[in-house]
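Summary of structural features
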Amino acid sequence: MKRWNGWGDDSVIYPLPPSAAAYLEELIGPGITPKDVSLAQALSAAPASRLPKHPLIVDDRLTRLNHARGHSLPDWVALRNGQIGTFPDGVAYPLTDEDVRGLIRFATQSGIHLIPYGGGTSVVGHINPQPGSTPILTVDMSRMNRLLHLDQPSLLATFQAGISGPDLEAQLRAKGCTLGHFPQSFEYSTLGGWIATRSCGQQSLGYGRIEKLFAGGKLESPAGSLHLPHFPASAAGPDLRELLLGSEGRLGIITEATVRVSPLPEEEAFHGIFFPDFDSGQAAVQQMLQARLPLVMLRLSTAEETATTLALAGREKLLGILESYLSLRGLGKGKCLLLVGFAGKSGFVSTYRKEALGIAGKFKGIHAGKTFGQEWHKNRFRTPYLRNTLWERGYAVDTIETATEWSNVDKMISYVDEALRVALAGRGEKVHVFTHLSHMYPFGSSIYTTYIFRLSEDAEVTIQRWQTLKNAASRAIQKCGGTITHQHGVGTDHKMYLPEEKGLLGISAIEDLIKHFDPSGLMNPGKLL
Ligand SMILES: Cc1cc2nc3c(=O)[nH]c(=O)nc-3n(C[C@H](O)[C@H](O)[C@H](O)COP(=O)(O)OP(=O)(O)OC[C@H]3O[C@@H](n4cnc5c(N)ncnc54)[C@H](O)[C@@H]3O)c2cc1C
């Protein structure tokens, strides 16, 4: 069963090896585990529903609790502490576009706010109901999960937008295709959610971000229905797909999406390469990108992240052998791990692997074989389960992400890492910070920083610590000229930083757009702007 106050299925546990626990304790001190409220206590906080009855709406407390919060750190604190705040008054499960239009009519007539809901995996407050006197209806799209049409010669697949990652891939794979979109939240996140948040999958280097994969679709809005045809290309004025990308549920509900798929690759391989330092790793990946090698993934960890990855893996004997080997080859404390992904026809994969390894060799990169890459691939959707384990040990984990041009990457990493590292010093708390470059482009890269700090027994204190950290890192990002988010979106947690990025004219243009589709302000109020 899906956990109500943590990540994923409750039968999946990601244990923390004893050496990893000791490593964390040495870095930031012993964890203090706060006492969680029980499910019964959390449910007792739900007020009675304010919605009129409707055949598509359920309003039991458990369903409402399960749709009240996403997966940001404040969401976890709220759920585990039982201070959930506002609950949706009900949850509707439409099956068809007509159901969605009916729900929008019902909301318009009855003065109800609507929150489109995909998998609820938002990490920035996208799906949280806002307090107020207006009843709130969450529209859970999970039953709109069918493959409607596959145009195999054109490699175009049309799905209902509530389909989850695993269901979408399973249906495509049965026909020899893949979308290649694998965010770490793949297990639960949905096609509609990916579009509405501008999501980016782990293999975006090969398959592209969701912007590139989204070919057309349908939006049901309070102002009417918008159909976006899926031309291969068009010069017919502004591209209206851009309106839906990043719309965060403010314009309406995406009911259908056509995506550009690829034939399943004959072979897929992920390899690990160690570099003596971050500069050499960066120089190598830039050259691989500029050589336009058809790679599907490049992920370069800083020395701090490399050390943390190795320590958290806990396989001391095996890692001891690796450390000795790398040290014989001249790689010490500053070493950085690069993961490279290849996919395609077998012959091409081996050619491109040779090319990539040749470039890595020029920068003193040492090929560590497939083990690291395979381990990463095997665990890539399991890693979020570690967050449950760490919480139970008294540690909070959160991430912050941005993107900037290559010439600014080093400065950005040092500003953000430093801002986080010292943010809680005044409160006597240490923060463990580590970073990787996850999605790379010829002209720059995304920067993904993880920070671990201690929970307090007092939820208020944990939230204050998080706010201090989030604010320090976000200000550092803006000071360094990065975007406030490369992939997680705006929601509630980033909206205060948006005017600086978009400018006042830009913000008022977005406001006007929202008013155009939703004149009465029914759709997901308080998010994005
Ligand atoms: C452990 C973890 C790992 C993650 N890894 C990644 C990652 O690798 N890459 C990445 O990009 N993100 C990642 N995320 C963030 C999150 O998964 C993405 O933002 C994802 O796209 C959200 O999809 P969802 O279906 O869960 O949407 P939800 O969280 O349900 O909703 C997000 C927003 O989209 C809107 N929305 C959802 N469906 C529709 C629809 N049909 N029509 C209109 N609006 C809609 C909602 O109103 C809301 O504003 C991660 C999150 C977690 C918890």
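Residues numbered from 1 in each chain as written. Predicted model: local features only at pLDDT ≥ 70, side-chain atom pairs only at ≥ 80, totals over all residues. Heavy atoms only, no water.

1. With respect to the packing of helix H17 (residues 406-423) against helix H18 (residues 459-479)
Running from amino to carboxyl end, H17 crosses H18 at an angle of 160°, the nearest separation of the two axes being 9 Å. By the criterion of interaxial angle, the relationship of H17 to H18 is roughly antiparallel. The chirality of how H17 crosses H18 is right-handed. Listed contacts from H18 to Met412, Tyr415, Val416, Ala419, Leu420 and Ala423 of H17 are Thr468, Leu469, Ala472, Ala473, Ala476, Ile477 and Lys479. Here the contact of H17 with H18 is built from residues that sort into eleven nonpolar, one polar and one charged. (Axes fitted to C-alpha atoms, helices over the stretch in contact; angles between N-to-C directions. Helix = DSSP H or I, 4+ residues; strand = E, 2+ residues; numbered from the N terminus. Parallel < 35°, antiparallel > 145°, perpendicular 65-115°, else oblique. Left-handed = near helix turned anticlockwise from the far one by under 90°. Contact = heavy atoms within 4.5 Å. Nonpolar A, V, L, I, M, F, W, Y, C, P; charged D, E, K, R; others polar.)

2. What about the side chain of aspartate 417?
Locating aspartate 417 in the fold gives a position in helix H17. According to the relative accessible area criterion, aspartate 417 is buried, its value standing at 8%. Other than its neighbours up to four places away in sequence, aspartate 417 contacts Val433, Thr435 and Thr449. (Buried < 20%, exposed > 50% of the residue type's maximum accessible area, 1.4 Å probe, protein only.)

3. Remarks on the site of the ligand
Surrounding the ligand, one finds 34 residues, the nearest of these being Pro116, Gly118, Thr121, Ser185 and Thr190. Within the backbone of proline 116, a nitrogen or oxygen atom sits 2.6 Å from an oxygen atom of the ligand. A distance of 2.8 Å is found between a nitrogen atom of the ligand and a backbone nitrogen or oxygen belonging to isoleucine 254. Contact with the protein chains covers 97% of the free accessible surface of the ligand, which is 980 Å². Listed by contribution, the elements that provide at least two residues to the shell around the ligand are strand S3 (113-117), helix H7 (191-197) and strand S10 (253-260). Looking at the shell around the ligand, the element that brings in the most residues is H7, giving five residues. Classifying every residue of the shell around the ligand gives 13 nonpolar, 20 polar and one charged. (Near = heavy atom within 4 Å. Polar contact = N/O pair within 3.5 Å; in protein donor to acceptor, adjacent residues only side chain to side chain. Areas by Shrake-Rupley, 256 points an atom, 1.4 Å probe, with all protein chains shown as cover.)

4. Topic: the sheet that holds strand S14 (residues 336-344)
Taking strand neighbours across the sheet as the criterion, the seven strands line up as S15-S12-S14-S13-S17-S18-S16 in an open arrangement whose pairing is antiparallel. The open sheet has two free edges, formed respectively by strand S15 (366-367) and strand S16 (395-405), since each of these has just one partner strand. Across two bridges, the pairing between strand S12 (residues 267-275) and S15 is antiparallel. Each residue of the ladder has a partner; that of isoleucine 273, found in S15, is histidine 367. The strands touched by helix H11 (residues 278-290) are S12, strand S13 (295-301), S14 and strand S17 (432-441); relative to S13, the strand with the most contacts, the crossing angle is about 165°. (Pairing = 2+ DSSP bridges.)

5. What to know about the packing of aromatic side chains
Summed over all chains, the structure comprises ten aromatic pairs. Ring centres of phenylalanine 274 and phenylalanine 372 lie 5.4 Å apart, and the angle between their planes is 80°; on these two criteria the pair is classed as edge-to-face. Placement of phenylalanine 274 in strand S12 and of phenylalanine 372 in helix H15 (residues 371-379) is noted, with a sequence separation of 98 residues between them. In this pair, the class of phenylalanine 274 matches that of phenylalanine 372, namely buried. (Phe/Tyr/Trp six-rings, centres within 6.5 Å; stacked < 30°, edge-to-face > 60°.)

6. What to know about the sheet that holds S3
Across the sheet, which stays open at both edges, the four strands sit in the order S1-S2-S4-S3 with mixed pairing between neighbours. Here the strands that pair on one side only, and so sit at the sheet edges, are strand S1 (57-58) and S3. Strands in contact with helix H5 (residues 97-110) are S1, strand S2 (90-92), S3 and strand S4 (136-140); relative to S3, the strand with the most contacts, it is inclined by about 155°.

7. A look at the confidence of the model for the chain
For the chain, per-residue confidence averages 97 on the pLDDT scale, and 100% of positions sit at 70 or higher. Across the chain, the secondary-structure element scoring lowest on mean pLDDT is helix H13 (residues 316-328), at 88, and the one scoring highest is S3, at 99. (pLDDT = per-residue confidence, 0-100.)

8. Re the pattern of salt bridges
Charged atoms that come close allow side chains of opposite charge to pair. Per the counting criterion, the structure on display carries 23 salt bridges. The partner of arginine 173 in a salt bridge is glutamate 169, and the shortest N-O contact between them spans 2.9 Å. Here arginine 173 and its partner glutamate 169 are both found in helix H6 (residues 165-173), four residues apart, which amounts to about one turn of the helix. Given a relative accessible area of 40%, arginine 173 falls into the partly exposed group. Taking the shortest distance from any N to any O, the salt bridge between lysine 378 and glutamate 375 comes out at 3.2 Å. You can see lysine 378 and its partner glutamate 375 sitting in helix H15, three residues apart, about one turn around the helix. A residue is classified by how much of its surface remains accessible, and glutamate 375, at 26% relative accessible area, is partly exposed. (Salt bridge = Lys/Arg side-chain N within 4 Å of Asp/Glu carboxyl O.)

9. Quick notes on the nonpolar core
Among the nonpolar cores identified, the biggest contains 66 residues, and Met288, Leu298, Leu338, Leu437, Tyr451 and Phe453 are the most heavily contacted of them. With eight residues, H17 is the largest single contributor of residues to this core. Apart from the residues lying within four places of it in its own chain, the contact partners of leucine 298 are Leu205, Val285, Met288, Leu289, Leu338, Leu339, Val340, Leu437, Ser438 and Met440. Residues Leu168, Trp194, Leu219 and Leu244 belong to the second largest nonpolar core, which totals 32 residues. (Core = buried A, V, L, I, M, F, W, Y, C linked by side-chain atoms within 4.5 Å.)

10. A short note on H11
Between its first and last C-alpha atoms H11 spans 18 Å; for 13 residues at 1.5 Å apiece the expected length is 18 Å, and the two agree. The set of residues buried in H11 consists of Phe278, Ser280, Gly281, Gln282, Ala284, Val285, Met288 and Leu289. Structurally, the start of H11 carries an N-cap: the backbone nitrogen of aspartate 279 is 3.3 Å from a side-chain oxygen of aspartate 277. (Expected span 1.5 Å × (residues − 1).)

11. Some details on empty space enclosed by the protein
The gaps of empty space that remain are located by a probe, the size of a water molecule, rolled over the atoms. Across all of its chains, the model carries one cavity of 30 Å³ or more by this definition. What the largest cavity holds in volume is close to 80 Å³. Those elements that place two or more of their residues in the lining of the largest cavity are S16 and H18. No other element matches S16, which puts four residues into the lining of the largest cavity. Grouping the amino acids of the lining of the largest cavity by side-chain chemistry returns five nonpolar, four polar and four charged. (1 Å grid on protein atoms, 1.4 Å probe; cavity = no way out; pocket = protein on both sides within 12 Å on 5 of 7 lines; lining within 4 Å. Points joined across faces, edges and corners; volume = space filled by probe spheres on them.)

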